[in-house]
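Geometric and topological summary
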Amino acid sequence: MAGIYLHIPFCRQACHYCNFHFSTSLNRKNDFITALLKETGARRDYLEGETVETVYFGGGTPSLLEEAELGLILQMLRDTFTITADAEVTLEANPDDITITRLRAWREAGINRLSIGVQSFFEEDLRWMNRAHDAGQALDCIRLAQTEGFDNISIDLIYGGPTLPDDHWRENVHRAISLGIPHLSCYALTVEPRTALDTLIRRRQLIDVNPEDQARQFLLLMDWLNAAGYEHYEISNFSRPGHRSRHNSAYWQGKKYLGLGPSAHSFNGVSREWNIANNASYIAEPGKVAEKEVLTPEQQLNEFIMISLRTAEGIDLATLAQRFSVRHAEDLQKRAGKFIGGEKLVLVAESLRLTREGKLLADGIAADLFV
């Protein structure tokens with residue numbers, strides 16, 4: 001089984017914290033659609049022999065596309081690849097794009113999962129982030145989507161920003177719970193280089209983030225969602241039983257995927273490649289690969305360690321021994337000893353898993369376990 005990711009590189013306006021590839025100009029949207037369809041046909045052999053079980057429209061803001069454009073792209077995918085009848089088809093959507101007309105058209109086209117970029121239910125947070133929607137739209141769009149039959153909904157929430165005190169963070173999380181949202185993706189606000197947020201903070205026009213606040217709010221998040229019956233199945237992702245993101249889970253399981261659109265990444269189990277992150281260049285040469293990396297056995301092992309450690313199931317030592325070697329599994333367990341002693345990792349049924357406190361240090365622990 002494999003997945004397909006489509007990068008739609010347009011946004012209504014630029015969020016201060018975003019470092020993804022996008023343009024706020026829609027002037028060449030039609031040219032982009034033509035290029036995307038051309039690339040789709042040209043890449044039909046990349047997933048040869050694989051059945052596609054997930055399709056994910058990301059970006060950017062895919063909900064800016066017209067309903068007919070989304071339908072055209074989905075039909076091209078069905079004509080080009082073998083897609084399962086029960087495939088998970090996700091559309092990232094901004095609250096200000098969600099209307100009854102669009103929701104119905106999305107369902108008609110085959111979209112069966114929405115990932116809504118709510119970020120916060122408080123106006124001051126949304127203004128600080130320079131989001132295009134307001135607090136009222138953040139709440140109303142969820143209720144509207146539920147009314148129109150979308151029961152597989154995920155929302156994004158951001159914590160650790162200077163405008164978000166703990167009581168507001170609690171309100172954001174508990175509002176999502178009370179709305180019956182089955183999946184939450186929650187991210188610490190990150191100040192990425194060369195973003196508007198980075199510039200504004202360096203100019204002292206905005207207050208910088210506080211790592212201690214972020215750590216505390218992450219611990220609170222885990223407690224609240226655990227009490228509400230959500231499973232913390234990946235560092236940033238929580239779901240009701242049966243509502244994990246199948247597409248993102250495939251990434252963490254090391255499955256193959258094809259990325260279409262500018263800046264999109266692809267992985268075939270052995271190598272990784274990514275498209276050029278420039279709309280004009282992509283339109284001129286659809287699917288132009290910017291770089292390709294063939295993973296060495298060592299890199300494959302380190303990637304297995306990194307992505308497995310982020311999940312609730314952790315690093316399965318038996319699987320690692322089978323895929324790589326018994327010696328590698330034994331050496332990894334030895335390297336993990338100091339983290340087990342420091343109560344950052346636990347060994348459960350031959351699986352190395354992060355503890356509650358260990359999840360605060362996931363990336364650093366993974367890097368220390370690399371060969």
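Here the structure is a predicted model, which means the values were calculated and not measured.

Definitions and cut-offs
- Residues numbered from 1 in each chain as written.
- Predicted model: local features only at pLDDT ≥ 70, side-chain atom pairs only at ≥ 80, totals over all residues.
- Heavy atoms only, no water.
- Helix = DSSP H or I, 4+ residues; strand = E, 2+ residues; numbered from the N terminus.
- Buried < 20%, exposed > 50% of the residue type's maximum accessible area, 1.4 Å probe, protein only.
- Areas by Shrake-Rupley, 256 points an atom, 1.4 Å probe, with all protein chains shown as cover.
- Lys, Arg positive; Asp, Glu negative; His and termini not counted.
- Charge placed at Lys NZ, Arg CZ, Asp CG, Glu CD.
- Core = buried A, V, L, I, M, F, W, Y, C linked by side-chain atoms within 4.5 Å.
- Contact = heavy atoms within 4.5 Å.
- Polar contact = N/O pair within 3.5 Å; in protein donor to acceptor, adjacent residues only side chain to side chain.
- Pairing = 2+ DSSP bridges.
- Salt bridge = Lys/Arg side-chain N within 4 Å of Asp/Glu carboxyl O.
- Phe/Tyr/Trp six-rings, centres within 6.5 Å; stacked < 30°, edge-to-face > 60°.
- Lys NZ or Arg CZ within 6 Å of the ring centre and 35° of its normal.

Concerning the overall build of the protein chain
Scanning the protein chain from N- to C-terminus turns up 15 helices and 15 strands. Classification of the 371 residues of the protein chain by burial places 51% in the buried group. Element-wise, carbon and sulfur atoms account for 49% of the exposed surface of the protein chain, whose accessible area totals about 16,600 Å². Across the protein chain, the mean location of the 39 positive side-chain charges is 2 Å away from that of the 50 negative side-chain charges.

A closer look at the nonpolar core
Judged by nonpolar contacts, the single largest core of 85 residues is most densely connected at Phe57, Trp106, Ile155 and Leu369. For this core, the element with the highest residue contribution is helix H8 (residues 211–227), accounting for six residues. Discounting residues that sit within four places of it in the chain, Leu369 has contacts with Ile305, Leu309, Ile315, Leu332, Arg335, Ala336, Phe339 and Leu345. Counting residues in hydrophobic clusters, the runner-up holds nine residues, among them Cys15, Tyr17, Leu189 and Leu197.

Remarks on the environment of Arg12
Mapped onto the elements, Arg12 comes out in the loop between strand S1 (2–8) and helix H1 (29–42). Residues Arg12 and Thr147, spaced 135 residues apart in sequence, show a C-alpha to C-alpha distance of 26 Å. Not counting chain neighbours up to four residues away, the residues in contact with Arg12 comprise Thr24, Leu64, Asp96, Asp97 and Ala132. Of note is the side chain of Arg12, whose polar atom sits 3.1 Å from the side chain of Asp96.

Thoughts on the side chain of His232
If you trace the backbone, His232 turns up in strand S7 (residues 231–234). Take His232: its relative accessible area is 14%, and that puts it in the buried class. A polar contact is formed between the side chain of His232 and the backbone oxygen of Glu234, at a distance of 3.2 Å. At a separation of 2.8 Å, a polar atom in the side chain of His232 contacts the main-chain carbonyl oxygen of Ile235. Excluding residues within four positions of it along the chain, His232 makes contact with Phe218, Met222, Asn237, Phe238, Ala312 and Lys359.

A few points about the pairing of strand S14 (residues 345–348)
Note that S14 and strand S15 (residues 351–354) share four bridges and pair antiparallel. Paired with Val348 across the two strands is Ser351, which belongs to S15. In this structure, the hairpin formed by S14 and S15 is closed by a connection of two residues, where Ala349 is found at a positive phi of approximately 50°.

Looking at the pairing of strand S4 (residues 113–119)
With seven of seven residues buried, S4 lies mostly within the body of the structure. The side-chain alternation of S4 yields two buried faces, one formed by Arg113, Ser115, Gly117 and Gln119 and the other by Leu114, Ile116 and Val118. Two strands pair when backbone bridges link them, and strand S3 (residues 83–93) and S4 are joined in this way by four bridges, in the parallel orientation. Directly across from Ala93, in S4, lies its bridge partner Ile116. In terms of strand pairing, S4 meets strand S5 (residues 153–159) through four bridges, oriented parallel. The partner of Gln119 across the bridge, within S5, is Leu157.

Things to note about the pattern of salt bridges
Going through the model one piece at a time under the given rule, you end up with 24 salt bridges. One salt bridge connects Lys255 with Glu53, and the closest N-O pair in it is separated by 2.9 Å. With Lys255 in the loop between helix H9 (246–252) and strand S9 (256–260) and Glu53 in strand S2 (residues 52–59), this residue pair connects regions lying 202 residues apart in the sequence. Between Asp363 and Arg310 there is a salt bridge, and its shortest N-O distance comes to 3.4 Å.

A closer look at the environment of Asn172
Following the sequence through the fold, Asn172 ends up in helix H6 (residues 166–178). Take Asn172: its relative accessible area is 0%, and that puts it in the buried class. In sequence terms Asn172 and Gly110 are 62 residues apart; their C-alpha atoms lie 30 Å from each other. The contacts of Asn172, once residues within four sequence positions are left out, are Ser120, Phe121, Phe122, Asp125, Leu157 and Leu164. Separated by 2.9 Å, the side chain of Asn172 and the backbone nitrogen of Phe121 make a polar contact.

As for the sheet that holds S14
Strand order in the open sheet formed by three strands is S13-S15-S14, with antiparallel pairing between adjacent strands. Looking along the sheet, the strands with just one partner apiece sit at the ends: strand S13 (315–316) and S14. Both S13 and S15 contribute to a ladder of two bridges, which runs antiparallel. Counterpart to Ile315 in the pairing with S15 is Leu352.

Here we look at the packing of aromatic side chains
Enumeration according to the criterion identifies nine aromatic pairs in this entry. Relative to Trp169, the ring of Tyr159 has its centre 5.3 Å away and its plane inclined at 40°; by these criteria the two rings are tilted. On the criterion of sequence distance, the pair formed by Tyr159 in strand S5 and Trp169 in helix H6 is long-range, its members being ten residues apart. Each member of the pair, Tyr159 as well as Trp169, carries the same accessibility label: buried. With a centroid separation of 6.1 Å and an interplanar angle of 10°, the aromatic rings of Tyr159 and Phe218 are classed as stacked. Note that Tyr159 is positioned in strand S5 and Phe218 in helix H8, a separation of 59 residues in sequence. Residue classification places Tyr159 among the buried residues on the basis of a relative accessible area of 6%. In this structure Phe218 comes out as buried when scored by relative accessible area, which is 4%. An aromatic cluster of three or more residues is present, and its members are Phe10, Phe32 and Tyr282. A cation sits over an aromatic face here: Arg107 above Phe150, 5.5 Å from the ring centre.

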